[in-house]
Amino acid sequence: NHSNSVTGGSGRGMQLGRPGWQACVLHRPQCHQLILKTPRAQAGSLSRMQTAASANSMDRSTGPPLLLVVGAALIKRGQPARVLLAQRPPGKQHAGLWELPGGKVEAGETPEGALARELQEELGVQVGELVPLSFASHAYPTFHLLMPLYACYSWFGEPEGVEGQAVAWVTAQELHGYELTAADVPLVPAVIRALHDAESWLEVHGVA
């Protein structure tokens, strides 16, 4: 699946160092907007973006390649709610560590499509709605990993380790007791919030 780390979802705008520019990073990581607040900023926006894109391209050419993977927090509602973790099997990199299931986004795939495919292959389930939850960005010596994370509350089939990997349903309190891959560690707070939200959902809907 996937492999410091930065998580998204601060909900605050950040000044970019130029008058009139502000980046608005909302709770959902897919919503990143660039807001031009003044006519002066708007007038030169195109040339500045072209310059920034060129600089970013040069930075990427000298840095490690970017690997896009996608992960899922399969959450089983209950009191307490639980999330599924999978253990990396022997023979694979980081064998023995635990992770949120998922995998690489192949050429021509959307993150959601790749995640549905990976969960079918790894766990034997067909997933329902995928809700954007967070993301992680982690630097490895030979590549840089970017991993959007989705929450999933409904699926068809019983998740099991199709590839021979162990799986475990874990509560928020138990989550810290599992040794996770480096890329998954910064996602723990977002997963815990999702677990608590799932428990609150049951209370609101009158389910004990």
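Residues numbered from 1 in each chain as written. Predicted model: local features only at pLDDT ≥ 70, side-chain atom pairs only at ≥ 80, totals over all residues. Heavy atoms only, no water.

A.B. asks: Is there a simple way to think about the overall build of the protein in this case?
C.D. replies: Each helix and strand in the protein was counted, giving 5 helices and 13 strands. Here the protein displays about 11,500 Å² of accessible surface, and carbon together with sulfur accounts for 55% of that area. (Helix = DSSP H or I, 4+ residues; strand = E, 2+ residues; numbered from the N terminus. Areas by Shrake-Rupley, 256 points an atom, 1.4 Å probe, with all protein chains shown as cover.)

A.B. asks: It is not clear to me how the pattern of salt bridges should be interpreted in this structure. Could you clarify?
C.D. replies: Pairing between side chains of opposite charge can happen when their charged atoms approach one another. Applying the stated criterion to the full structure yields 6 salt bridges. Ionic pairing is found between E163 and K92, a salt bridge with its closest N-O pair at 3.7 Å. One end of the pair, E163, is in the loop between β12 (155-156) and β13 (167-170); the other, K92, is in the loop between β6 (82-87) and β7 (98-99), with 71 residues separating them in the sequence. Among the charged side chains, a network of salt bridges with common partners joins E109, R117, E118 and E121. (Salt bridge = Lys/Arg side-chain N within 4 Å of Asp/Glu carboxyl O.)

A.B. asks: Explain empty space enclosed by the protein here, please?
C.D. replies: A water-sized probe, rolled over the atoms, reveals where empty space remains. One number sums up the size of the largest cavity: a volume of about 40 Å³. Surrounding the largest cavity, L85, L100, L175, L180, D184, L187, V188 and V191 form its lining. (1 Å grid on protein atoms, 1.4 Å probe; cavity = no way out; pocket = protein on both sides within 12 Å on 5 of 7 lines; lining within 4 Å. Points joined across faces, edges and corners; volume = space filled by probe spheres on them.)

A.B. asks: Please explain the environment of Y140 as it appears in this structure.
C.D. replies: Within the secondary structure, Y140 is located in the loop between β10 (130-139) and β11 (144-152). Sequence separation between Y140 and A183 is 43 residues; the distance between their C-alpha atoms is 9.6 Å.

A.B. asks: Just checking my understanding: could you explain the confidence of the model for the protein for this structure?
C.D. replies: For any part of a model where pLDDT is low, the fine detail of the predicted coordinates should not be relied upon. Scored by pLDDT, the protein has a mean of 78; 68% of the residues are at 70 or more. Every residue in residues 3-43 scores below 50 in pLDDT, and together they form 80 contacts with partners more than four places removed in sequence or on other chains. Overall, residues 52-58 carries pLDDT values under 50, and its contacts beyond four positions in sequence, including any with other chains, amount to 0 contacts. (pLDDT = per-residue confidence, 0-100. Contact = heavy atoms within 4.5 Å.)

A.B. asks: Before we go on, may I ask you to explain the nonpolar core in this structure?
C.D. replies: Most often, soluble globular proteins keep nonpolar side chains buried together rather than apart. Grouped together as the largest cluster of nonpolar side chains are 30 residues, with contacts concentrated most on V83, L175 and V191. Residue assignment for this core shows that the elements contributing at least two residues are β5 (66-76), β6, β10, β11, β13, α4 (172-175) and α5 (188-204). Each residue touching V191, except ones within four places of it in the same chain, is listed here: A73, V83, L100, L133, L149 and L175. The next biggest cluster of nonpolar side chains, apart from the first, holds 15 residues, and it includes L115, L119, L123 and C152. (Core = buried A, V, L, I, M, F, W, Y, C linked by side-chain atoms within 4.5 Å. Buried < 20%, exposed > 50% of the residue type's maximum accessible area, 1.4 Å probe, protein only.)

A.B. asks: Would you take a moment to explain the side chain of Q165 for this structure?
C.D. replies: Among the structural elements, Q165 can be located in the loop between β12 and β13. In this structure the side chain of Q165 is engaged in a polar contact, spanning 3.0 Å, whose partner is the backbone oxygen of E122. Of the polar contacts made by the side chain of Q165, one reaches the backbone nitrogen of E163; its length is 3.0 Å. Apart from residues lying up to four places away in sequence, Q165 is in contact with A86, Q87, P89, E122 and L123. (Polar contact = N/O pair within 3.5 Å; in protein donor to acceptor, adjacent residues only side chain to side chain.)

A.B. asks: I keep staring at unusual backbone geometry and nothing clicks. Help me out?
C.D. replies: Comment: phi is negative for the bulk of residues other than glycine, and the bulk of peptide bonds are trans. Here Q79 and P80 are connected by a cis peptide whose omega angle stands at 10 degrees. In this fold, P80 is placed in the loop between β5 and β6. Although it is not a glycine, H94 sits at a positive phi angle of roughly 60 degrees. Looking at the element boundaries, H94 is found in the loop between β6 and β7. Look at H94 and you get partly exposed, because its relative accessible area is 26%.

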